[in-house]
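One-letter residues, chain by chain:
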Amino acid sequence: MKIAILGSGNVGKALATGLDSLNHEVYVGTRDVAETLTRDEIKDWASSHPTIRVTSFADAVAAAELVINAISGHSTISVLQSVGADNLSHKVLIDISNPLDFSNGMPPQLFVKDTDSLAEMIQREYPNAKVVKTLNTVNSASMIPALTPGKPEFTVFLSGDDPDAKSTVTEILRSFGHTDIIDLGGIITARTTEMALPLWMSIAGKLDSWGINFKIVR
């Protein structure tokens with residue numbers, strides 16, 4: 001599958017590496033391609049993964065069948081606007097970003113919550129896209145368990161209005177090595193997983209470890 005990942009940070013690189021290893025055709029979208037490729041961490045990573053293409057946000061999405069939003073919550077809407085509605089129309093858009101606001105320190109607040117979510121904002125802005133919220137409660141190093149065998153199993157959540165889109169995303173999650181996947185329901189349920197992030201970050205800060213994930217014990 002041709003997959004665009006919006007964002008070249010740790011999350012974007014982790015997902016691109018995993019998807020590339022699973023033989024997907026991966027495009028990593030960034031705001032300024034030339035500047036991004038001058039960064040040592042990107043330059044070294046890109047040279048180690050020659051089949052992954054680093055390109056503009058719009059070109060990445062135009063080439064892809066499925067899109068993953070791995071940029072910050074604050075930047076999400078403006079980046080998607082630069083991509084254009086036509087590029088996103090009828091495509092599955094996996095949203096793993098969070099509406100985190102660090103302006104008052106740690107733990108962060110959320111700039112949208114309770115009666116709305118970032119995922120719902122994206123779906124309203126792009127009604128012809130098929131938005132699915134997932135992996136936003138997962139540490140970036142753990143997003144693809146198949147690449148790190150032996151680590152404890154954890155739970156991933158799924159929210160979205162389109163059943164076929166959720167089936168596609170579920171297949172991708174299973175290919176990543178996830179076996180405990182809970183479909184919470186419509187895109188409105190993304191509010192709950194986004195609001196879990198301050199708790200996640202408080203626990204990580206208390207334990208002095210960002211390598212944590214949620215596990216639902218039945």
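Every value quoted in this text rests on a predicted model; they were computed, and no experiment measured them. (Residues numbered from 1 in each chain as written. Predicted model: local features only at pLDDT ≥ 70, side-chain atom pairs only at ≥ 80, totals over all residues. Heavy atoms only, no water.)

Visitor: How do you make sense of the pairing of strand 9 (residues 155-160) when you look at a structure like this?
Guide: Counting buried positions along strand 9 gives six out of six residues, so the element sits mostly inside the fold. Neither face of strand 9 is exposed, since T155, F157 and S159 on one face and V156, L158 and G160 on the opposite face are all buried. Two strands pair when backbone bridges link them, and strand 9 and strand 10 (residues 180-185) are joined in this way by five bridges, in the parallel orientation. When the bridges of strand 10 are listed, S159 appears paired with G185. Each parallel crossover has a hand, and the one from strand 9 via helix 8 (residues 163-176) to strand 10 is right-handed. (Buried < 20%, exposed > 50% of the residue type's maximum accessible area, 1.4 Å probe, protein only. Helix = DSSP H or I, 4+ residues; strand = E, 2+ residues; numbered from the N terminus. Pairing = 2+ DSSP bridges. Right-handed = clockwise from strand over helix to strand, strands pointing away.)

Visitor: I tried to follow the side chain of D101 on my own but got confused; where do I start?
Guide: By secondary structure assignment, the location of D101 is in strand 6 (residues 100-101). Buried within the structure, D101 lacks any salt-bridge partner; its nearest side chain of opposite charge belongs to K113, at an N-O separation of 9.8 Å. Engagement of the side chain of D101 in a polar contact is seen with the side chain of S103, the distance being 2.8 Å. Excluding residues that lie within four positions of it along the chain, D101 makes contacts with H74, P108, Q109 and F111. (Lys, Arg positive; Asp, Glu negative; His and termini not counted. Salt bridge = Lys/Arg side-chain N within 4 Å of Asp/Glu carboxyl O. Polar contact = N/O pair within 3.5 Å; in protein donor to acceptor, adjacent residues only side chain to side chain. Contact = heavy atoms within 4.5 Å.)

Visitor: Looking at this structure, I do not really get helix 1 (residues 10-21). What am I missing?
Guide: Think of an α-helix as 3.6 residues a turn; residues three or four steps apart then line up on the same face. The end-to-end C-alpha distance of helix 1, which contains twelve residues, comes to 17 Å, matching closely the 16 Å that a straight helix rising 1.5 Å per residue would cover. Of the residues one or two after helix 1, N23 is the one with positive phi, at around 70 degrees. (Expected span 1.5 Å × (residues − 1).)

Visitor: How should empty space enclosed by the protein be read in this particular structure?
Guide: Which parts of space are left empty comes out when a probe the size of a water molecule is rolled across the atoms. A full pass over the atoms with the stated rule returns one cavity of 30 Å³ or more. Of the volumes computed, that of the largest cavity is approximately 50 Å³. Forming the walls of the largest cavity are L15, I68, I94, L135, V169, I172, L173 and F176. Residue contributions to the lining of the largest cavity peak at four residues, all from helix 8. Class assignment for the residues of the lining of the largest cavity results in eight nonpolar, no polar and no charged. (1 Å grid on protein atoms, 1.4 Å probe; cavity = no way out; pocket = protein on both sides within 12 Å on 5 of 7 lines; lining within 4 Å. Points joined across faces, edges and corners; volume = space filled by probe spheres on them. Nonpolar A, V, L, I, M, F, W, Y, C, P; charged D, E, K, R; others polar.)

Visitor: How should the pattern of salt bridges be read in this particular structure?
Guide: Side chains that carry opposite charge are capable of pairing whenever their charged atoms lie near each other. Counted according to the given criterion, the structure contains nine salt bridges. For the salt bridge of R124 with D116, the shortest nitrogen-to-oxygen distance reads 2.6 Å. Of the residues examined, D116 reaches a relative accessible area of 15% and is grouped as buried.

Visitor: What's the story with helix 7 (residues 118-125) in this structure? I'm lost.
Guide: For helix 7, every residue scored as buried is listed here: L118, A119, E120, I122 and Q123. Against strand 4 (66-69), helix 5 (73-83), strand 5 (92-95), strand 8 (130-134) and helix 9 (190-195) lie the buried residues of helix 7.

Visitor: Which parts of the structure should I look at to understand the packing of helix 1 against helix 3 (residues 40-48)?
Guide: For the pair helix 1 and helix 3, the least separation of the axes is 12 Å and the interaxial angle reads 5 degrees. Judged on the interaxial angle alone, helix 3 and helix 1 are roughly parallel. From helix 1, K13, A16 and T17 reach across to helix 3, where they touch E41, I42 and W45. Class assignment of the residues belonging to the contact of helix 1 with helix 3 gives a composition of three nonpolar, one polar and two charged. (Axes fitted to C-alpha atoms, helices over the stretch in contact; angles between N-to-C directions. Parallel < 35°, antiparallel > 145°, perpendicular 65-115°, else oblique.)

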